[in-house]
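Fold and contact review
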Amino acid sequence: MSSRLNKVLSIAVLCFAFVQGPALADANQLPNIGSNALSTLSYEKEMVLGDILMRQTRARLPVDYDPLINEYINTLGNRLVTHADDIHFPFNFFVVKDKSINAFAFFGGNVAVNTGLIALADTESEVASVMAHEIAHVTQRHLSRRFEAQQQSTPLTLAGILGGILLAVVNPEAGMAAMMASQAGAAQASINFTRSNEQEADRIGIKTLAVAGFDPHAAPAFFDKLAAKYRYTSKPPAFLLTHPLPESRVADSRLRAQRYPSIERPMSLDFQLIKSRVLARYQYSPQEAVSYFENQLKSNQFASRDAILYGLALALTDAGELKKAEILIKQLLNKSSNNLYYIDTYVDLLVKKQAYDSALAFLAEHYKYKPNNAVITLNYANVAVEAKKPELAIELLSSYRISKGEDYIATDLLTRAYGQIQNLPKYHEMRAERFAMLSLYDQSIEELKLSIAKLKDDKPLESKRLAALQDHYKAQLNQIKQL
């Protein structure tokens, strides 16, 4: 087995990817796919496993921590969740920096969307259709059901079941070959079960899409787009090799969507700004992005000219053409001074110019009206660190973390800020927290040992607090080993 595949299996890509190809039956007949899997994994255990896998995902996939993109994708996802059935725990939506077209879901309500999918989508409803499909995989407990099916046919440890199922999901041919030697029947049952999952997720996802006020016809439209994009490709990407998109599935989704009225939604400015941001930052190089948005200005294919100008300003900033970028972003700010996308890009520009005082003054004004807003606060703290004003960053982030909880960027910035003032106990504590967010508990424990060692003798309570945190990380590590 390749190291790449081992990585995929060992992390949280316990996925039901968006276009995993089923052989669909009649649209009105759904197969019996078993119990709700509570006999195998309770909701509580699923949340624990989901948390572990999410931390491992951060360590091994290029997870995007951009607060603008994260806020957008979570707002969109939670709007769908509000209108979905069988919700038993909070959902967490995140973005992976990857040009390939993909989305996946795993335990505990964790749903990922690749930047490549956002770049391909023409409407917000298309992105929502993918997310609704993945939400359905979670609410219907498809992964847990497959655990139960595997356990019934071949009693194995949790790790053994994960390995067999995930190998078949990530690489069906390798998965079949690996499992046929000992359990050919179980392997085939696993893949058939996945086809049933996809059929159910299509049905429920389209219903959720319609009830949430999105266009249900966006689901078959996106299927059509995928099919057209790769129809004449001599060597399809690995994604479509392992997740085929047969015509039967496209036709079935179209029939399902026709049960609901088409919903005409105005083109969301937020969606257009997010798409511009993804294209500028992740899909193209800075120079390619400049050319792309300049051509868009001529053809005006976007619904909003401001979204094109924003993308161009962002691309020019990243390309180092700061004078041109500043003219554009100031024009946009004059029209909408509180727009977080424009504020973020203007701050990026000022940081590139090393105009730290201007950036701090600009952000201080916005912070008055939006304290602890993720975009404002994280930008403000980052500029403070860049400007060698760590005390300001610490003050901002300490307040922010009380209201927001665990945040990778905030923890990273705090690590840098404490390092600048040579507060070694706090520096190592923040490093420990950052490692814990990546499920690297061995390193967390070592960092806490250093933190305790650096404490002064007159701080016994602080030493006890850190020792308790160390015990917590040890318990987390043991929990993983017991899986």
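Refer to the structure above for everything that follows.
By convention here, each chain's residues receive numbers from 1 onward along its written sequence. Side-chain atom pairs in this predicted model are given and counted only at pLDDT of 80 or more, local residue features only at pLDDT of at least 70, and totals for whole chains, interfaces and linings cover all residues. For the side-chain quantities, the full set of heavy atoms in the structure was used; hydrogens and water were omitted.

Let's shift gears to the layout of surface pockets. Cavities and pockets are defined on a 1 Å grid built over the protein atoms alone: a cavity is a set of grid points where a 1.4 Å probe fits but cannot escape, while a pocket is an open set with protein on both sides within 12 Å along at least five of seven lines, and lining residues are those with an atom within 4 Å of any such point. Grid points are joined across faces, edges and corners, and a volume is the space filled by probe spheres set on the points. In this structure, the largest pocket occupies an estimated 960 Å³ of space. Lining of the largest pocket is provided by 30 residues; of these, Arg58, Asn70, Asn74, Asn92 and Glu406 occupy positions nearest its centre. Secondary structure elements follow DSSP: runs of H or I of four or more residues count as helices, runs of E of two or more count as strands, with numbering from the N terminus. When residues of the lining of the largest pocket are traced back to their parent elements, those giving at least two are α2 (43–60), β1 (63–64), α3 (67–82), β2 (92–96), α18 (374–386), α19 (390–404) and α20 (408–420). Class assignment of the residues belonging to the lining of the largest pocket gives a composition of 15 nonpolar, 8 polar and 7 charged. Three residue categories are used. Nonpolar comprises Ala, Val, Leu, Ile, Met, Phe, Trp, Tyr, Cys and Pro, charged comprises Asp, Glu, Lys and Arg, and polar comprises the others, including Gly.

It is worth spelling out the nonpolar core at this point. Grouped together as the largest cluster of nonpolar side chains are 96 residues, with contacts concentrated most on Ile73 and Leu80. What is meant by a nonpolar core is a set of buried Ala, Val, Leu, Ile, Met, Phe, Trp, Tyr and Cys residues, joined one to another through side-chain atoms within 4.5 Å. Categorising residues by exposure relies on relative accessible area from a 1.4 Å probe, with only protein chains included: less than 20% of the type maximum marks a residue as buried, more than 50% marks it as exposed, and the intermediate range marks it as partly exposed. In this structure, Leu53, Met54, Leu61 and Phe106 belong to the second largest nonpolar core, which totals 13 residues.

What follows is about α20. The end-to-end C-alpha separation of α20 is 19 Å, in line with the 18 Å expected for 13 residues at 1.5 Å each. Regarding α20, the residues found buried are Ala410, Thr411, Leu413, Leu414, Thr415, Ala417 and Tyr418. As used in this structure description, the phrase polar contact means that two N or O atoms lie within 3.5 Å; if the pair is within protein, one of them must be able to donate a hydrogen and the other to accept it, and residues adjacent in sequence are counted only when both atoms belong to side chains. For α20, the side-chain oxygen to backbone nitrogen distance between the N-cap and Ile409 is 3.0 Å, and the N-cap itself is Asp407. After α20 finishes, the residue Gln422 shows a positive phi value of roughly 60°. Expected span of a helix: the number of residues minus one, times 1.5 Å.

Under this scheme, a helix contributes an axis fitted over its contacting stretch, all axes are lines through C-alpha atoms, and angles between N-to-C directions fall in the 0 to 180 degree range. The geometry of helix α12 (residues 269–283) relative to helix α13 (residues 286–299) is characterised by a closest axis approach of 8 Å and an angle of 145° between their N-to-C directions. Between α12 and α13, the contacting residues are Ser276, Leu279 and Ala280 on the first element and Ala289, Tyr292 and Phe293 on the second. Here the contact of α12 with α13 is composed, by residue class, of 5 nonpolar, 1 polar and no charged. By the convention used here, residues are in contact when the closest approach between their heavy atoms is within 4.5 Å.

The working definition used for a salt bridge is a side-chain nitrogen of Lys or Arg within 4 Å of a carboxyl oxygen of Asp or Glu. Counted according to the given criterion, the structure contains 29 salt bridges. Residue Arg254 pairs with Asp224 through a salt bridge whose shortest N-O separation is 2.9 Å. Taken together, the positions of Arg254 in helix α11 (residues 247–257) and Asp224 in helix α9 (residues 218–230) put the pair 30 residues apart, joining distant regions of the chain. Under the relative-accessibility criterion, Asp224 is labelled partly exposed at 32%. A network of salt bridges, in which partner residues are shared, links Asp51, Arg55, Arg58 and Glu406.

No statement about biological role is implied by the geometric values presented.
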